Amino acid sequence: MSKLQTGLALCFSGLFFIISLLFIHPAEDAVILYEYSNTLANTGVISYGNIGTPIEGATDFLWMVAISLFHLVGINEYTASLMISSLSLYLLIKLLCKHNHLLFILIAMTITSFIYSAAFGFSSIVFSTIYLYCLQFYLQKKYKNMHLCILLLCLFRPDGVVWGASLVLLYQFENRFSLSKERLLVSLKYLIIPGGVYFLWRMYYFNELLPLPFYIKQHGIKELLLFSYSSLKDVAIVAIPMLIVISMSKNKATIILITIIPILFYSSMTLSQNIGNRFIAPLFFGVLYLLNKEGNIKKYIYVIFVSILSAAITHRVINQIIYSKNENIFALSKNLNGINGRMLVTESGRLTYYSDWTVHDSWGLNTPQFSKKLIQPIDIKNGNYDLIVSHCYMDKIKNSIQEKRSWNNQCTNILIAIKEMNYNMYLVPFYTNSGSLLYKFKQLISPPKTNCNRYDIYSINPRSEKYQAIKTVLLQHQAIIYNDTLNFKGGDTLCF
C-alpha cells in the first residue's frame, strides 16, 4: 500500500477503536472470556466466578492469554480486546488491499456485518486475520509458515482445526492423493505434535476431554438431519454468493476444497451468540482474499450479494450498538460489587465479571457439574445462593421437574426451586432510558410507539444476610415485584 493508503487504513482502524470504546459495551459471551482473563492475571489459574479450580469455559486460549497480559499492565479487558482487534483490522485491510482498491475493501467491511462483532469484544477480526495469513502462506507455498500459522489459529480458537484442516489436506494430497513422507513429517513437526501436546496438557489441567461449551453445543436442535436450519441460513449468506461468483472462475475447485469443511461444520453446529454472524467472518474474508486473481466485477458481485443477504443481521447488530449503553445489567452488576455473595445465573458473562461474586452458571458453559446434565431443583437448594438471576420465557415454563436439556427446561427447574424455597422474586428491566448519543438521536428521529421492555428475574434468598443490600441495588435499577398475573409478551417482555 502507498503511504496515503496506509494512513487511511490506520485512520479506519483508529476510528473503529474510538467509536467502539465510546459507544459500545461488550457482549455477554465476550465478557465471559474477560472473566477468565481477569482471573488468570490475578491468580494464575484459568477459572471462573471465584471458584478457584481450573475450568475451561473460555475456549479461545491465546485470546484469553493475550488479554490477561494487558491486564497485568493496567489495561482493562475490553480496551485490550479493542486494541488487538484494531491492529488486526489494519493488517486485514493490508492483506486484502494487495489485489483490491482500498476504498472497495473499506466499503465491503462497512456494509456487511462481520467487523461489528469485534466492536462487542469478540476475537472475530483477529481470527480472520490469522486465517488470511494461513491462506497466504499456502498460496505462496511457504508450508512451514502455513503449519505454524494453523497451529496459532488452533490455539487461538479450537475451531481453528476446521479452518486449517482443508489446507493441510490439500498440502498432503497435492500430488494426486499420494502421501509424501517428507510432507507428513512437516505436518507432524510443526502442527500435529505441538497441537497434540497442548491438547494433552489441557486434558490434564482441566480434567475434561473437551471444553465445556462443546458438551453444551452438541445438544442443539438439528431440524435438517445433521444440520441446524438457523446455522445453515447464517452460512448460506456467504456460501451462496461464493458459489455464484466462483462458478465463472477457473479457480473454483481450489476455493471449494478450501472452504467445504468450514461450511459443513458450521452448518451443523449451534451458533449461539452469533453476533454479526461472527463465526462466518473468516469465510467472508477468506473468499474475498481467494478471489484475488479474479476481475473486479466478480468481487463487487460477491460483496453486494453478501451485503444484501446479511442486511437483516447488519441492521440488527447496528441496533445492538445503538442500545448497548442502555443495558441495565452493567451498572447493576457493578453496584453488586462489594456485597460478595453467591449467585446462580443463566446469563454468565457480565454479572459474573463486574460483580466479582462467587458464581455458578446454570447452563453449564462455565460450571462442570451442569455441563453434562440439566440443573435440578435439588442442585439449586444445595447451592445456598444469595441471588438467582434468570432470563426466561415465562410462556414456556412447565409445571413439573424436567430432565431433558433445553433452555426452557432449565428455567422450569430454576423457577420450581425458587418457589419451593420462597425466594423473593423481582423483575428488572433489561434496558434503561439513559444511553449513548446514538440512542438519543435514534429516539429523536424515531420515537418508540410502545413502552415495552425485556425483564429478567432476580430472586433473593430471604434468609441471606445480604438480603437488604441486594434488594436496595435492585430497587435502584427499577426492579418491580413479580406476580403471576403479569401478562408477558413473547415470554420475557412486559408492556406498560
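A few points on the structure. (Residues numbered from 1 in each chain as written. Predicted model: local features only at pLDDT ≥ 70, side-chain atom pairs only at ≥ 80, totals over all residues. Heavy atoms only, no water.)

### Quick word on a nonpolar patch on the surface
- Together, I240, I244, I297, Y300, I304, F305, I308 and L309 make up an exposed nonpolar region whose accessible area comes to about 710 Å².
- Within the residue set of the nonpolar patch, elements represented by two or more residues are α12 (229-246) and α15 (296-309).
- In this structure, I297 sits in helix α15.
- What makes I297 exposed here is its relative accessible area of 59%. (Patch = residues over 30% accessible without salt bridge, like charges linked within 9 Å, V, L, I, M, F, W, Y side chains within 5 Å. Areas by Shrake-Rupley, 256 points an atom, 1.4 Å probe, with all protein chains shown as cover. Salt bridge = Lys/Arg side-chain N within 4 Å of Asp/Glu carboxyl O. Helix = DSSP H or I, 4+ residues; strand = E, 2+ residues; numbered from the N terminus. Buried < 20%, exposed > 50% of the residue type's maximum accessible area, 1.4 Å probe, protein only.)

### Observations concerning the pattern of salt bridges
- Counted by the stated rule, this structure contains 9 salt bridges.
- A single salt-bridge network, built from bridges that share partners, covers E28, E327 and R350.

### What about the environment of Y458?
- Relative to the elements of secondary structure, Y458 occurs in strand β5 (residues 452-460).
- Between the C-alpha atom of Y458 and that of S20, which follows or precedes it by 438 residues, the distance is 30 Å.
- Apart from residues no more than four positions distant in its own chain, Y458 is found in contact with I329, L332, L351, L387, I388, V389, N424, M425, Y426, V428 and L474. (Contact = heavy atoms within 4.5 Å.)

### Some details on the packing of helix α9 (residues 160-172) against helix α13 (residues 252-268)
- Packing of α9 against α13 leaves a shortest axis separation of 8 Å and a crossing angle of 150°. Regarding α9 and α13, the two cross each other, and that crossing is right-handed. In this structure, α9 contributes V162, W163, A165, S166, L167, L169 and L170 to the contact, and α13 contributes L257, I258, I261, P262, F265 and Y266.
- Considered class by class, the residues forming the contact of α9 with α13 number 12 nonpolar, 1 polar and no charged. (Axes fitted to C-alpha atoms, helices over the stretch in contact; angles between N-to-C directions. Left-handed = near helix turned anticlockwise from the far one by under 90°. Nonpolar A, V, L, I, M, F, W, Y, C, P; charged D, E, K, R; others polar.)

### Digging into the nonpolar core
- Ranked by internal contacts, the top residues of the largest apolar core, which has 129 residues, are M109, F285 and Y302.
- Apart from residues no more than four positions distant in its own chain, F285 is found in contact with L92, L96, M109, F114, I115, S128 and L132. (Core = buried A, V, L, I, M, F, W, Y, C linked by side-chain atoms within 4.5 Å.)

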